[in-house]
Amino acid sequence: GLVDPREATIQLVNGVALEGGYAGCGAVDPDERDIELYETILSGDLSGDDLPDGVNRADNSYHVVTGSGADATGVLDGFTVSGGWADCQTFPHYCGAGMINLNGSPTLLGCTFSGNSAELYWPHGSGGGIYNEYGSNPTLRGCTFNGNSADRGAGIYNTFDSHPTFTHCTFSGNSASMGAGMYNQFDSSPELIECAFSANSAGVGAGMCNMLRSSPKVTNCTFTDNTGSWSYSDGAGMFNAYESNPCVTHCTFAGNDGAGISNDFSDPTVTTCVFSHNSAV
């Protein structure tokens, strides 16, 4: 039978590093590298006709990049990933619009995930930027998640014993029902060091939502100007539920429209943190 063209994806493999951000042909020095000046885009816009607000995206790729099966030697370095549109009712094509990892643990360096969407109503619609499942433990350094959308986990969605590591990563302007910046569930406990969650919006846990025994380690991170919209969304910065006990150290929660941290049947450890100008909805 015919293969669905929307299944087109860039598959990471072990031992191969993909690098973007080069000046390229026609430049004085084609090998000059600056990932901001020479932005290299991996796009799910297969027809090249996307317009703002999701117009013309019904034929976009379900997953722009796939890291399933890759280990840390499968590297994505210096790319912008955009235009993923995971809107199918069949698993896994409602997950991981920007990138999907099913038992995959690649390395991502200096990448930006922007304008990816997995918006189908729960239990679908997970991981606008990246979806990690089945023990997926990618390493991300210096990555940005901006302007992604999903029902849950617009930036990142981690589930079923997935424990990614994030260093110097930014989550901003993402929108979801729960966990706009990051959503963790079912024993998924990532480690975050010097990351920033800002201006994300969700019903609850606009910055980060931890559910069902998910206890991330969060150190030297900031949660600022995030907005919750549900009647009980008092965890605009971070929401912890059902035996999720994160360790939060040297973090700042400021200016969130909703409480900095809210807990439901959970007992986080909070050490040397600053809470300023947060407000319960």
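Structure shown above.
Each value, and the rule that gives it
- Residues numbered from 1 in each chain as written.
- Predicted model: local features only at pLDDT ≥ 70, side-chain atom pairs only at ≥ 80, totals over all residues.
- Heavy atoms only, no water.
- Helix = DSSP H or I, 4+ residues; strand = E, 2+ residues; numbered from the N terminus.
- Buried < 20%, exposed > 50% of the residue type's maximum accessible area, 1.4 Å probe, protein only.
- Contact = heavy atoms within 4.5 Å.
- Areas by Shrake-Rupley, 256 points an atom, 1.4 Å probe, with all protein chains shown as cover.
- Lys, Arg positive; Asp, Glu negative; His and termini not counted.
- Charge placed at Lys NZ, Arg CZ, Asp CG, Glu CD.
- Pairing = 2+ DSSP bridges.
- Axes fitted to C-alpha atoms, helices over the stretch in contact; angles between N-to-C directions.
- Patch = residues over 30% accessible without salt bridge, like charges linked within 9 Å, V, L, I, M, F, W, Y side chains within 5 Å.
- Salt bridge = Lys/Arg side-chain N within 4 Å of Asp/Glu carboxyl O.
- Core = buried A, V, L, I, M, F, W, Y, C linked by side-chain atoms within 4.5 Å.
- Phe/Tyr/Trp six-rings, centres within 6.5 Å; stacked < 30°, edge-to-face > 60°.

(A) View of the overall build of the protein. Each helix and strand in the protein was counted, giving 0 helices and 32 strands. Per-residue burial over the protein gives 52% buried out of 281 residues. For the protein, the share of sequence-separated contacts (at least 6 apart) that also reach a separation of at least 24 residues comes to 74%. Of the roughly 11,300 Å² of accessible surface on the protein, 53% is carried by carbon and sulfur atoms. Here the protein carries 7 positive and 30 negative side-chain charges, and the mean point of each set is 5 Å from the other.

(B) Looking closely at the sheet that holds strand E5 (residues 75–77). Ordered in space as E2-E5-E8-E12-E16-E20-E24-E28-E31, the 9 strands form an open sheet in which the pairing is parallel. The open sheet has two free edges, formed respectively by strand E2 (17–19) and strand E31 (269–271), since each of these has just one partner strand. When strand polarity is set aside, the average angle formed by the axes of neighbouring strands in this sheet is 5°. Two strands pair when backbone bridges link them, and strand E20 (residues 191–193) and strand E24 (residues 217–219) are joined in this way by 3 bridges, in the parallel orientation. Within E24, the position partnered with Leu-192 by the bridge is Val-218.

(C) Structural view of the pairing of strand E23 (residues 208–211). Burial of E23 is two-sided: the residues Met-208 and Asn-210 facing one way and the residues Cys-209 and Met-211 facing the other way are all buried. Pairing of strand E19 (residues 182–185) with E23, which is carried by 3 bridges, proceeds in the parallel orientation. Bridge pairing in E23 places Met-182 opposite Met-208. Bridge count for E23 against strand E27 (residues 235–241) is 4 bridges, and the pairing is parallel. Residue pairing in the sheet places Cys-209 in a bridge with Phe-239 of E27.

(D) Geometry of a negative patch on the surface. Among the surface-exposed residues, Asp-29, Asp-31, Glu-32, Asp-34 and Glu-36 lie close enough to one another that they form a single negatively charged patch. Residue placement: Asp-29 occurs in the loop between E2 and strand E3 (41–43). Exposure remark for Asp-29: the relative accessible area of 39% places this residue in the partly exposed category.

(E) Quick peek at the sheet that holds strand E15 (residues 156–159). On the basis of which strands lie adjacent, the open sheet formed by 9 strands has the order E1-E4-E7-E11-E15-E19-E23-E27-E30 and parallel pairing. This sheet does not close on itself; its edge strands, each paired only once, are strand E1 (10–11) and strand E30 (259–264). Note that strand E7 (residues 99–102) and strand E11 (residues 130–133) share 4 bridges and pair parallel. Paired with Leu-102 across the strands is Glu-133, a residue of E11.

(F) The arrangement of the nonpolar core in detail. By size, the foremost hydrophobic cluster in this structure holds 34 residues, and its most contacted members are Leu-76, Phe-166 and Leu-192. Once residues within four sequence positions are removed from consideration, Leu-192 is found in contact with Phe-166, Met-182, Phe-197, Met-208, Pro-216, Lys-217, Val-218, Thr-219 and Cys-221. Tyr-94, Ile-100, Tyr-157 and Val-204 belong to the second-largest nonpolar core, a separate cluster that totals 13 residues.

(G) Geometry of a nonpolar patch on the surface. A cluster of nonpolar side chains, Phe-91, Tyr-134 and Phe-160, forms an exposed patch at the surface whose accessible area comes to about 290 Å². Within the element layout of this structure, Tyr-134 appears in the loop between E11 and strand E12 (139–141). Its relative accessible area of 46% is what places Tyr-134 among the partly exposed residues.

(H) Seen up close, the packing of aromatic side chains. Here the structure, examined in full by the defined rule, presents 13 aromatic pairs. Judged by centre distance (5.2 Å) and plane angle (10°), the rings of Tyr-131 and Tyr-157 are stacked. Remark: Tyr-157 occurs in strand E15 and Tyr-131 occurs in strand E11; sequence separation between them is 26 residues. Across the pair, Tyr-157 and Tyr-131 agree in class, each one buried. A centroid spacing of 6.1 Å and a plane angle of 15° characterise the contact between Tyr-242 and Phe-265, whose relative ring orientation is stacked. In this pair, Tyr-242 sits in the loop between E27 and strand E28 (247–249) while Phe-265 sits in the loop between E30 and E31, placing the two residues 23 residues apart along the sequence. Taking the relative accessible area as the measure of exposure, Tyr-242 reaches 41% and is therefore partly exposed.

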